[in-house]
Amino acid sequence: MTNQKFSNNTLLSHDPHDDQHHGAVTYPIYQNSLFTFSSVEEYEKAREKMLDSYLYTRGNNPTVKLLEDRIAALELGEQARCFASGMAAISSAILSTVQTGDHVICVDQVYGPTREFLSEYLLKFNISTTFVNGCNLDNIKSATQPNTKLIYLESPSSILFELQDIQACTNYAKSIGAITIIDNSWATPIFQKPLLMGVDLVVHSLTKYMSGHSDVVAGVVVGSKELLSNINKNEHLLLGGILSPQNASLILRGMRTLAIRMEQHQKSGLKIANFLEKQPFITKVNHPGLQSHPFHSLALKQMSGFGSLFSFETNLPYEIVKEMVNHLRLFRIGVSWGGYESLVTLHKKNDNTQVVRLYIGLEDPEEIKEDLQAAFQILQKYQTENANS
Ligand SMILES: *Cc1c(COP(=O)(O)O)cnc(C)c1O
């Protein structure tokens, strides 16, 4: 594990000195598929060390490498590898750790497509997965089989915002010789550094906070040189789901403001979450930064801050909640999150609980609150009428 030499803000604003590009302040986009050599000897030397050379952009590209080095430094990992999407990074990380006949334990609140990859796609390699409530380590322990090779975590999860005790999970994984992977998209390396808590591989959807402007789909895997060299040779180079230099440049640009964006998201998110807790028709606010959250003290222990994606629950009928969501003006209805714009999605927990997931963007939090207040009149009216009838 490498040390972080500079603080987050300095790291994100300061590029390594580069005297090859006329002093250009922005690193160039190397928009090329291949690299050429001045002699056969040089070419052969590069081929011998193919994984470390600039030979072909499916292997390495300088613009993508600058981004990979920056993310590795932020996560305190030895190496990072970027992919064309979060799912390309996640499926590659998983495939690099399991063989035919292996068993995986995964938290049941994991991102939907990750769940589908584990529970359905991997069956064709005879790799099975047990999904457990990850809030309690005992559930992971009792799901363990002699062939358990991987424990997959996502803390917090991204609909109900449940946490796992990361250090306890990695201690246990090491005791049974299993690898751990965590999806760190919600907290980002600004607020959570899982490699410091013994996690082997950190994965991100760079589509979300890291790029931060809703204009790129991308992913990354971070970890030790040893684990990454396998991924480089196999899942990255052979499966080929690489990140384009153009998109790497957009992410580098978006990440300039990652630390200050996260501060603002945290502030606005907590403000709205506190406001929601006071509403009579809301039964629960799922935000780990609230004292009422069942894992608030664990959150304070393993995170240094909070993202602004969270949810609230209500027992009012789906149709009424839908009407309220349709009335929101500053929240656009849409999947994903992590950009500048506030977003909302609606989920059904069970027959009488609706989950409304909010993503608090960079708009003025007071105006976001007013927008919610106005739409909530629909819920308030319904509740009053029904209490009186
Ligand atoms: C969006 C998301 C992913 C998948 O990332 P893509 O870039 O869409 O492939 C994975 N995990 C979490 C928590 C996400 O929100």
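Everything discussed here concerns the structure shown above.
This text gives an overview of the structure that appears in the document. Everything numeric here is computed off the predicted structure, so don't read it as measured data.

The subject of this paragraph is the sheet that holds strand 11 (residues 343–350). The mixed open sheet is built from five strands, whose spatial order is 8-9-12-11-10. Whereas interior strands pair on both sides, the edge strands pair on one side only; in this sheet they are strand 8 (284–286) and strand 10 (332–333). Examined bridge by bridge, strand 9 (residues 309–314) and strand 12 (residues 353–359) share six bridges and lie antiparallel to one another. Counterpart to Phe312 in the pairing with strand 12 is Val356.

A word on the nonpolar core. Among the nonpolar cores identified, the biggest contains 107 residues, and Ile71, Ile94, Leu276, Met324, Leu358, Leu372 and Phe376 are the most heavily contacted of them. Residue contributions to this core peak at seven residues, all from helix 11 (residues 258–277). For Leu276, the residues in contact, after removing those within four places along its chain, are Ile282, Val285, Phe310, Phe312, Leu358, Leu372 and Phe376.

This brings us to the packing of aromatic side chains. For the coordinates displayed, the defined rule picks out 11 aromatic pairs. Between Phe275 and Phe376, the aromatic rings sit 6.1 Å apart at their centres with planes inclined by 10°, giving stacked as the arrangement. Note that Phe275 is positioned in helix 11 and Phe376 in helix 14 (residues 365–388), a separation of 101 residues in sequence. Residue Phe275 is classed as buried on the basis of its relative accessible area of 8%.

We now examine a negative patch on the surface. The grouping of Glu41, Glu42, Glu44 and Glu48 at the surface amounts to a negative patch. Mapping Glu42 onto the fold places it in helix 2 (residues 40–48). A residue is classified by how much of its surface remains accessible, and Glu42, at 37% relative accessible area, is partly exposed.

Examined against the element boundaries, Arg70 turns out to sit in helix 3 (residues 62–75). Taking relative accessible area as the criterion, Arg70 reaches 6% and is therefore assigned buried. Setting aside its immediate chain neighbours within four residues, Arg70 contacts Leu11, Leu12, His14, Asp15, Pro16, Leu252, Met255 and Arg256.

Turning our eyes to something else, we now look at the packing of helix 3 against helix 10 (residues 245–255). Two measures define how a pair of helices packs: the angle their axes make with one another and the distance between the axes. Two elements in contact, helix 3 and helix 10, have axes separated by 8 Å at closest approach and are oriented at 40°. As the angle between them shows, helix 3 and helix 10 are arranged oblique. Between helix 3 and helix 10 the crossing geometry is left-handed. On helix 10, the residues that touch Thr63, Val64, Leu66, Leu67, Arg70, Ile71 and Leu74 of helix 3 are Pro245, Ala248, Ser249, Ile251, Leu252 and Met255. Of the residues that constitute the contact of helix 3 with helix 10, the class distribution is 10 nonpolar, two polar and one charged.

What counts and how
- Residues numbered from 1 in each chain as written.
- Predicted model: local features only at pLDDT ≥ 70, side-chain atom pairs only at ≥ 80, totals over all residues.
- Heavy atoms only, no water.
- Pairing = 2+ DSSP bridges.
- Helix = DSSP H or I, 4+ residues; strand = E, 2+ residues; numbered from the N terminus.
- Core = buried A, V, L, I, M, F, W, Y, C linked by side-chain atoms within 4.5 Å.
- Buried < 20%, exposed > 50% of the residue type's maximum accessible area, 1.4 Å probe, protein only.
- Contact = heavy atoms within 4.5 Å.
- Phe/Tyr/Trp six-rings, centres within 6.5 Å; stacked < 30°, edge-to-face > 60°.
- Patch = residues over 30% accessible without salt bridge, like charges linked within 9 Å, V, L, I, M, F, W, Y side chains within 5 Å.
- Areas by Shrake-Rupley, 256 points an atom, 1.4 Å probe, with all protein chains shown as cover.
- Salt bridge = Lys/Arg side-chain N within 4 Å of Asp/Glu carboxyl O.
- Lys, Arg positive; Asp, Glu negative; His and termini not counted.
- Charge placed at Lys NZ, Arg CZ, Asp CG, Glu CD.
- Axes fitted to C-alpha atoms, helices over the stretch in contact; angles between N-to-C directions.
- Parallel < 35°, antiparallel > 145°, perpendicular 65-115°, else oblique.
- Left-handed = near helix turned anticlockwise from the far one by under 90°.
- Nonpolar A, V, L, I, M, F, W, Y, C, P; charged D, E, K, R; others polar.

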